[in-house]
Each structure stands twice: as structure tokens, then as C-alpha cells.
Amino acid sequence: ITEGFPSDAVEMIEGSDLDSLSITHLRYHAPWEMLVGRFRRGPITVAGDAMHAMGPFLGQGGSAALEDAVVLARNLGRKIASLSPYERGKEIMTDKIGQAFDQYVEERRMRMVRLATQAYLTGLILGSPPMSITKFIAVIIMAILFRDRNEHAKFDCGNL
């Protein structure tokens, strides 16, 4: 099994304590958590999986993180560019950055709710027994909310 792998990687894995390995700390965000969640506190905001960890069923995690980066950069750029030379004090900058973060969160929130909902329902469909009521309800909701199955991949980040 170890053929073709670097010997130092094999040695590291073989020397690992299996009890210390865990992937149970990863938890996907339910769509409703994104509706009410706080994604900014003071001069700190979150992006990528910290904001919207979701199941891998749409293949949009990395794309959504890149979208976050573009939207965040655009909002920060607009706020900082709007400052006059007299407004560049620490308090004013912190306030403007906070405003940019708030704009970013609000701009991303509904996109993330839709992506998370579609990923959540897709996970329910894939993980439910073939003739279960859960699967049936999830399929109905998908048909109502997501008529275009590829809509999740059609996000336009706009200009920077």
C-alpha cells in the first residue's frame, strides 16, 4: 500500500497515534444558521468555510471562498478609496473597515443561504433511503427552490 509514496510521509503516518486523529471537529452550517449568524465582531470578519462550511455536494466550497475574497476586497477598496486624507486616523479607518465588513456580510448572506440550502437538500437526498419521506420532501423543495440545477455556478462577482 505504501509503494510510490515518499518514505518520510509513510514514516510519519506509521508513527502517528491513531487516537489523536479526528475529523469530527468539522461541522457543516445549516442554512438557517447563515440567516441569523454573526460573521463580524469588531474589526474581524470571517470568510470561506469559517463563514459557510457546507457539504461537498455542489462542489462550491472553494468557489464560494473565492467569491468571498472578491466581494470583501471590493467593499474594502471602496471604503478606503472614499476616505479623504484627513480621515485616515485609526478610529475612522476602523469604523470604515467595519462598515466594509458589514456590507460584505450582507452582500454574501443570501448567496450563502441559497448555496447551503441546496447543498443541505442534496445531502438529504443522497443520504436518505430510496423511498423515504425525507427524500421525497427534499426533492419537492429542490424542485420549487432550485429549478435551474446549475444556478449555483452562475454567480457574477462583478468588477473589482
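Refer to the structure above for everything that follows.
The sections below set out a description of the structure shown in this document.

Criteria and cut-off values
- Residues numbered from 1 in each chain as written.
- Predicted model: local features only at pLDDT ≥ 70, side-chain atom pairs only at ≥ 80, totals over all residues.
- Heavy atoms only, no water.
- Helix = DSSP H or I, 4+ residues; strand = E, 2+ residues; numbered from the N terminus.
- Rg over C-alpha atoms; globule rule 2.2 N^0.38 Å.
- Buried < 20%, exposed > 50% of the residue type's maximum accessible area, 1.4 Å probe, protein only.
- Contact = heavy atoms within 4.5 Å.
- Areas by Shrake-Rupley, 256 points an atom, 1.4 Å probe, with all protein chains shown as cover.
- Lys, Arg positive; Asp, Glu negative; His and termini not counted.
- Charge placed at Lys NZ, Arg CZ, Asp CG, Glu CD.
- Phe/Tyr/Trp six-rings, centres within 6.5 Å; stacked < 30°, edge-to-face > 60°.
- Lys NZ or Arg CZ within 6 Å of the ring centre and 35° of its normal.
- Polar contact = N/O pair within 3.5 Å; in protein donor to acceptor, adjacent residues only side chain to side chain.
- Axes fitted to C-alpha atoms, helices over the stretch in contact; angles between N-to-C directions.
- Left-handed = near helix turned anticlockwise from the far one by under 90°.
- Nonpolar A, V, L, I, M, F, W, Y, C, P; charged D, E, K, R; others polar.
- Patch = residues over 30% accessible without salt bridge, like charges linked within 9 Å, V, L, I, M, F, W, Y side chains within 5 Å.
- Salt bridge = Lys/Arg side-chain N within 4 Å of Asp/Glu carboxyl O.
- Parallel < 35°, antiparallel > 145°, perpendicular 65-115°, else oblique.

## Some words on the overall build of the protein
- Scanning the protein from terminus to terminus reveals six helices and two strands.
- Counting from the amino terminus, the protein carries its helices and strands in the arrangement α-α-β-β-α-α-α-α.
- A compact globule built from 160 residues would reach a C-alpha radius of gyration of about 15 Å, whereas the protein, at 21 Å, exceeds it by more than 25%.
- Projected onto its principal axes, the C-alpha positions of the protein cover 65 × 50 × 25 Å.
- Put simply, the protein has 160 residues, and 31% of those count as buried.
- Restricting to contacts in the protein with at least 6 residues of sequence separation, those with at least 24 account for 69%.
- Only carbon and sulfur atoms are counted for the fraction: they give 61% of the accessible area of the protein, which is about 11,000 Å².
- Here the protein contributes 18 positive and 19 negative side-chain charges, whose respective centroids are spaced 13 Å apart.

## A few points about the packing of aromatic side chains
- Considering all chains together, one arrives at one aromatic pair under this definition.
- Seen in terms of ring centroids, Trp-32 and Tyr-120 are 5.6 Å apart; in terms of plane orientation they differ by 80°. Their pairing is edge-to-face. One end of the pair, Trp-32, is in helix 2 (residues 31-36); the other, Tyr-120, is in helix 5 (residues 90-127), and 88 residues separate them in sequence.
- Across the ring face of Phe-155, the terminal group of Arg-108 is positioned such that the distance to the ring centre comes to 5.2 Å.

## Let's talk about the side chain of Thr-45
- By the secondary structure assignment, Thr-45 is in strand 2 (residues 44-45).
- For Thr-45, a relative accessible area of 17% puts it in the buried group.
- Here Phe-39 takes part through its backbone oxygen, which lies 2.8 Å from a polar atom of the side chain of Thr-45.
- Dropping the residues within four chain positions of it, Thr-45 is found in contact with Phe-39, Arg-40, Leu-72, Phe-101, Tyr-104 and Val-105.

## Regarding the packing of helix 5 against helix 6 (residues 133-145)
- Two numbers describe how helix 5 lies on helix 6: the axes approach to 9 Å, and their chain directions differ by 145°. In the crossing of helix 5 with helix 6, the sense of the turn from one axis to the other is left-handed. For the pair helix 5 and helix 6, contact is made by Arg-114, Thr-117, Gln-118, Leu-121, Thr-122, Leu-124 and Ile-125 and by Thr-134, Lys-135, Ala-138, Val-139, Ile-141, Met-142 and Leu-145, respectively.
- In terms of residue class, the contact of helix 5 with helix 6 is built from eight nonpolar, four polar and two charged.

## Comments concerning a nonpolar patch on the surface
- On the surface, Ile-133, Phe-136, Ile-137, Ile-140, Ile-141, Ile-144 and Leu-145 cluster together to form a nonpolar patch covering roughly 660 Å² of accessible area.
- Checked against the element boundaries, Ile-140 lands in helix 6.

## A closer look at the environment of Asn-75
- Along the chain, Asn-75 falls in helix 4 (residues 61-81).
- Through-space distance from the C-alpha of Asn-75 to that of Ile-97 is 8.8 Å; in sequence the pair is 22 residues apart.

## Some words on the packing of helix 4 against helix 5
- Two elements in contact, helix 4 and helix 5, have axes whose closest approach is 9 Å; the angle formed by their N-to-C orientations is 150°. Taken as axis vectors, helix 4 and helix 5 run roughly antiparallel relative to one another. Where helix 4 crosses over helix 5, the handedness of that crossing is right-handed.
- Partitioning the contact of helix 4 with helix 5 into residue classes produces twelve nonpolar, three polar and eight charged.

## Comments concerning the pattern of salt bridges
- According to the stated counting rule, one finds eight salt bridges in the structure shown.
- The closest approach of N and O atoms between Arg-40 and Asp-102, which form a salt bridge, is 3.0 Å. Here the residue Arg-40 occupies a position in strand 1 (residues 40-41), and Asp-102 occupies one in helix 5, the gap between them amounting to 62 residues.
- Overall, the relative accessible area of 26% leaves Arg-40 in the partly exposed class.

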